[in-house]
Amino acid sequence: MALRALFVSVLVSLTAGEIVVYNCCPNGTMVEEDHSCKPISIPTWLPAVYSPGNGLYEPNTLPGGWKMQENTFPACDSGAIPYFFPSVADPNKPPSFVLLDNGSLVLTVPHVQEIPPIDPGKYCVNIAGCFVCPPTAESQASTQLPRVKKCCGRKAVFSERSSSCKVHSQNLNIPNVTFVEGFPVCAESEGFVISGKLDDTHKLLPDGTLSFRNNVIQEFCIEHIFEHPNDGVNVFTCPDAVEGILARDDIRFTLYPIGLFLSVVFLAVTLVASCLLPSTYHVLHWRCQTNHVACLLVGDLLLAVTQLSGDALDGPACAAIAIAMHFMFLAAFFWLNTMCFNIWWTFRDLRPSNLDKGQEACRLRFYELYAWGGPLLIAGVAAVCDHLPEDSYPNLLKPRFGEKRCWFYGDTEVFSYFFGPIAVLLLLNLTLFAATARELTCGLWKTEVVKSNTERATLGRVCLKLVVVMGVTWVADVVSWVVGGPNYLWYLTDLINALQGVLIFAVVGCQPQVWAGLKRLWCYRDSPGDGNHARSSSSNALPSCGEQNTSTTKGMETLC
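Cut-offs used in this document
Residues numbered from 1 in each chain as written. Predicted model: local features only at pLDDT ≥ 70, side-chain atom pairs only at ≥ 80, totals over all residues. Heavy atoms only, no water. Helix = DSSP H or I, 4+ residues; strand = E, 2+ residues; numbered from the N terminus. Contact = heavy atoms within 4.5 Å. Areas by Shrake-Rupley, 256 points an atom, 1.4 Å probe, with all protein chains shown as cover. Disulfide = S-S within 2.5 Å. Buried < 20%, exposed > 50% of the residue type's maximum accessible area, 1.4 Å probe, protein only. Pairing = 2+ DSSP bridges. Polar contact = N/O pair within 3.5 Å; in protein donor to acceptor, adjacent residues only side chain to side chain. Arc of directions from axis to C-beta. Phe/Tyr/Trp six-rings, centres within 6.5 Å; stacked < 30°, edge-to-face > 60°. Salt bridge = Lys/Arg side-chain N within 4 Å of Asp/Glu carboxyl O. Core = buried A, V, L, I, M, F, W, Y, C linked by side-chain atoms within 4.5 Å. Axes fitted to C-alpha atoms, helices over the stretch in contact; angles between N-to-C directions.

Peer 1: For this particular structure, what's the right way to read the overall build of the protein?
Peer 2: Looking only at helices and strands, the protein features 14 helices and 21 strands. Counting contacts in the protein only where the partners sit at least 6 residues apart, residues at least 24 apart contribute 68% of the total. Accessible surface, the protein as shown: approximately 29000 Å² in total, 62% of it carbon and sulfur.

What follows is the structure, given as structure tokens:
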């Protein structure tokens with residue numbers, strides 16, 4: 001009865017997935033190459049175990065379901081003598097073997113790396129090294145076949161719930177390949193993603209590589225999911241590999257650079273028009289507008305270059321462009337915020353008052369200090385933090401410019417240094433826009449200042465143009481980043497933002513005053529004798545968001 005109970009307990013432990021790993025000698029002893037055991041001062045020793053999903057286990061701990069059986073050597077096939085591989089004494093060098101959490105042993109000695117992972121019972125380990133059964137003819141033949149990574153190795157599958165490998169009897173039935181254990185080797189701290197099923201989209205090629213949308217991926221592994229064992233085989237890849245292929249196949253990454261280059265052209269035309277036609281009546285807004293357009297022009301140009309260059313741009317040049325884009329886009333939003341404040345300040349009491357040149361110069365200095373100083377502070381802190389030594393500041397959140405792409409590394413970094421400040425500025429812009437629109441509509445229309453339908457239509461156009469001028473469309477960009485979801489939901493808003501320069505030109509540059517001013521400048525060049533008249537006329541020709549209809553709307557021209 002006792003033997004039967006013992007047999008039942010062993011059978012239960014085996015069916016429960018218990019992994020028995022041999023320790024060549026008893027605890028407190030060290031194995032020698034001649035199979036003898038030598039006493040040492042360390043009473044208890046446990047091997048380090050590595051999980052492909054989670055990394056190393058805590059020291060002196062074993063995975064659940066493991067058992068160390070002491071003083072046991074492996075029983076090799078046909079009475080073969082196991083090989084001895086001593087431990088590496090130098091802590092700076094990799095060990096001679098690695099134990100995986102499914103119980104298999106992988107040799108890391110250079111001249112035997114082709115040996116496939118060794119199952120429990122075919123090796124023993126000790127603080128001094130390991131004894132391993134020589135490979136059979138079958139295993140040696142398998143090394144000639146293409147090698148494909150099975151993420152969790154034999155007798156284990158991947159668990160999404162615990163993000164680790166779990167012991168399981170389900171194996172992959174794929175002929176003519178040799179399975180080796182391991183996850184794809186991705187960039188540091190990047191991790192891996194499940195890119196889909198092994199099907200018509202993800203195909204195993206005869207040489208052991210993966211075909212994804214007619215592109216070859218080298219770093220990948222395949223595995224079943226513990227929670228969904230009947231859903232087929234999943235493919236694990238590095239995010240960069242999949243994102244790069246999707247980017248090349250995505251029409252957005254063709255349309256967006258075209259839209260950005262169009263924006264650059266129209267912003268350049270707008271900037272030239274603003275510089276050729278300065279206004280003596282609206283110097284403050286003209287300066288804010290010119291700086292905003294210039295910053296947006298440079299930022300869009302750099303962004304278009306990075307999108308067209310793809311993977312060809314990397315290293316210090318990529319990081320430098322990312323830092324420059326960060327500063328330019330921040331400066332564009334700060335100048336936009338300054339414009340919004342100046343517009344609101346102008347219309348806050350419905351009757352704009354002219355400032356003398358000393359007051360205008362003083363306010364302009366404050367605007368410049370705010371709109372250039374804010375971006376310089378944020379972008380400067382980001383650039384300095386990015387170059388601080390990692391060991392001295394381990395908990396510091398770095399932007400990590402240029403590591404993953406010519407921008408920030410990930411969502412946490414881009415929110416902390418870019419989308420966070422921009423969200424605050426956009427919230428202020430929306431508040432100022434609402435206050436300005438209220439003054440122009442509810443307040444102004446109730447007075448006797450505006451009576452005709454033409455003037456009401458003019459005010460309506462002013463409010464609609466304010467939506468563009470004040471950058472309300474950029475709110476959708478922040479919302480899409482926060483909410484996420486399918487990319488097609490944000491195609492339109494992303495394309496509108498890519499064409500923001502065209503919209504700004506339509507509001508600011510493509511105005512009757514601009515064409516009239518350019519015509520006067522052209523006539524002035526052809527008729528030198530009439531120069532005084534032409535110069536005085538062009539001085540008032542700054543683009544306006546309002547229309548010149550009657551003398552009652554004269555104050556609205558200070559808007560733009």
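Next comes the rest of the account.
Peer 1: Just to check I follow, could you spell out the state of the cysteines for this structure?
Peer 2: What is meant by a disulfide is a covalent connection between two cysteines, made through their sulfur atoms. Within the structure shown, the criterion is met by seven disulfides. The partner cysteine of Cys 152 in its disulfide is Cys 165, sulfur to sulfur 2.0 Å. Between Cys 152 and Cys 165, the disulfide has an S-S torsion of -75 degrees and is therefore left-handed. In this pair, Cys 152 sits in the loop between β12 (147–150) and β13 (156–159) while Cys 165 sits in strand β14 (residues 164–167), placing the two residues 13 residues apart along the sequence. For the pair shown, Cys 152 and Cys 165 are each scored as buried. A sulfur-sulfur distance of 2.1 Å marks the disulfide that ties Cys 186 to Cys 238. Judged by the torsion about the S-S bond (-95 degrees), the Cys 186/Cys 238 disulfide is left-handed. Of this pair, Cys 186 sits in the loop between β15 (178–181) and β16 (193–197) while Cys 238 sits in the loop between β21 (234–237) and α3 (239–249), and the two are 52 residues apart along the sequence. Using a relative accessible area of 8% as the deciding quantity, one classes Cys 238 as buried.

Peer 1: I keep staring at the pairing of strand β20 (residues 220–223) and nothing clicks. Help me out?
Peer 2: A regular strand carries its side chains on alternate faces of the sheet. Every second residue of β20 is oriented toward a common face, with Phe 220 and Ile 222 on one face and Cys 221 and Glu 223 on the other, all of them buried. In this structure, β20 lies alongside β21, joined through four bridges in antiparallel fashion. Within β21, the residue paired with Cys 221 across the bridge is Phe 236.

Peer 1: Looking at this model, I keep getting lost on the environment of Ala 498. Mind explaining?
Peer 2: Looking at where Ala 498 falls in the secondary structure, it is placed in helix α11 (residues 491–498). Sequence-distant contacts of Ala 498, that is, excluding residues within four places in its chain, are made with Tyr 256, Gly 259, Leu 260 and Ser 263.

Peer 1: Help me understand the side chain of Asn 102 in this model?
Peer 2: Tracing the chain through its elements places Asn 102 in the loop between β8 (97–100) and β9 (105–107). Polar side-chain contacts of Asn 102 include one of 3.2 Å to the backbone oxygen of Cys 152. What Asn 102 contacts, discounting residues up to four positions off in sequence, is Ile 19, Cys 152, Gly 153, Arg 154, Ala 156 and Glu 181.

Peer 1: Just to check I follow, could you spell out the side chain of Ser 263 for this structure?
Peer 2: Of note, Ser 263 is situated in helix α4 (residues 252–276). Its relative accessible area of 0% is what places Ser 263 among the buried residues. In contact with Ser 263, not counting residues within four places along its chain, are Asp 300, Ala 498, Leu 499, Gln 500, Gly 501 and Val 502.

Peer 1: Explain α11 here, please?
Peer 2: Side chains that are three or four residues apart share a direction in an α-helix, a result of its 3.6 residues per turn. For α11, the complete set of buried residues consists of Asp 494, Asn 497 and Ala 498. Within α11, the buried residues cover an arc of 105 degrees as seen down the axis, which keeps them to one side.

Peer 1: Whenever I open this one, the packing of aromatic side chains confuses me. Can you help?
Peer 2: Each aromatic ring pair is summarised here by two numbers: the centre-to-centre distance and the angle between the ring planes. Applying the stated criterion across every chain yields a total of 21 aromatic pairs. Measuring from ring centre to ring centre gives 5.1 Å for Trp 407 and Phe 418, while their planes differ by 85 degrees; the resulting arrangement is edge-to-face. With Trp 407 in the loop between α7 (357–386) and α8 (411–445) and Phe 418 in helix α8, this residue pair connects regions lying 11 residues apart in the sequence. One exposure class covers both Trp 407 and Phe 418, and it is buried. Chaining the aromatic ring pairs together yields one cluster made of Phe 401, Trp 407, Phe 408, Tyr 417, Phe 418 and Phe 419.

Peer 1: Where do I start with the pattern of salt bridges in this structure?
Peer 2: It is possible for side chains bearing opposite charge to pair when their charged atoms get close. For the coordinates displayed, the defined rule picks out four salt bridges. Note that Lys 122 is salt-bridged to Asp 77, the shortest N-O span being 3.1 Å. Of this pair, Lys 122 sits in the loop between β9 and β10 (123–126) while Asp 77 sits in the loop between β6 (66–69) and β7 (83–86), and the two are 45 residues apart along the sequence. Here Glu 223 and Lys 150 are joined by a salt bridge, their closest N and O atoms 2.9 Å apart. Residue Glu 223 is found in strand β20, and its partner Lys 150 is found in strand β12; the two are separated by 73 residues along the sequence. As far as burial versus exposure is concerned, Glu 223 and Lys 150 are alike and both buried.

Peer 1: How do you make sense of the nonpolar core when you look at a structure like this?
Peer 2: Among soluble globular proteins, nonpolar side chains are generally buried collectively. Core analysis: the biggest nonpolar cluster contains 44 residues, and Phe 408, Phe 418 and Ile 422 have the highest contact counts within it. Residue assignment for this core shows that the elements contributing at least two residues are α4, α5 (283–309), α6 (315–347), α7, α8, α10 (474–483) and α12 (500–509). Per-element accounting of this core gives the leading share, 13 residues, to α6. Discounting chain neighbours no more than four positions away, the residues touching Phe 418 are His 326, Phe 329, Leu 330, Trp 407 and Phe 408. Membership of the second largest hydrophobic core comes to 16 residues, among which are Val 21, Met 68, Leu 105 and Ile 118.

Peer 1: Before we go on, may I ask you to explain the sheet that holds strand β19 (residues 215–217) in this structure?
Peer 2: Note: strands within a sheet are paired through backbone hydrogen bonds, in either parallel or antiparallel orientation. Read from one edge to the other, the open sheet built from three strands follows the order β17-β18-β19, with strand pairing classed as antiparallel. For this open sheet the edge positions go to β17 (202–204) and β19, each flanked by a neighbour on one side alone. On average, each strand axis in the sheet is tilted by 35 degrees relative to the strand beside it, whichever way the strands run. Both strand β18 (residues 210–212) and β19 contribute to a ladder of three bridges, which runs antiparallel. Bridged to Phe 212 within β19 is Asn 215.

Peer 1: What is the right way to look at the pairing of strand β11 (residues 129–132) in this model?
Peer 2: Where burial is concerned, the two faces of β11 agree: the one with Gly 129 and Phe 131 and the one with Cys 130 and Val 132 are both buried. Sheet topology note: the β10/β11 ladder contains four bridges and is antiparallel. Paired with Cys 124 across the two strands is Phe 131, which belongs to β11. Turn length for the β10-β11 hairpin, with the two strands adjacent in sequence and antiparallel, is two residues.

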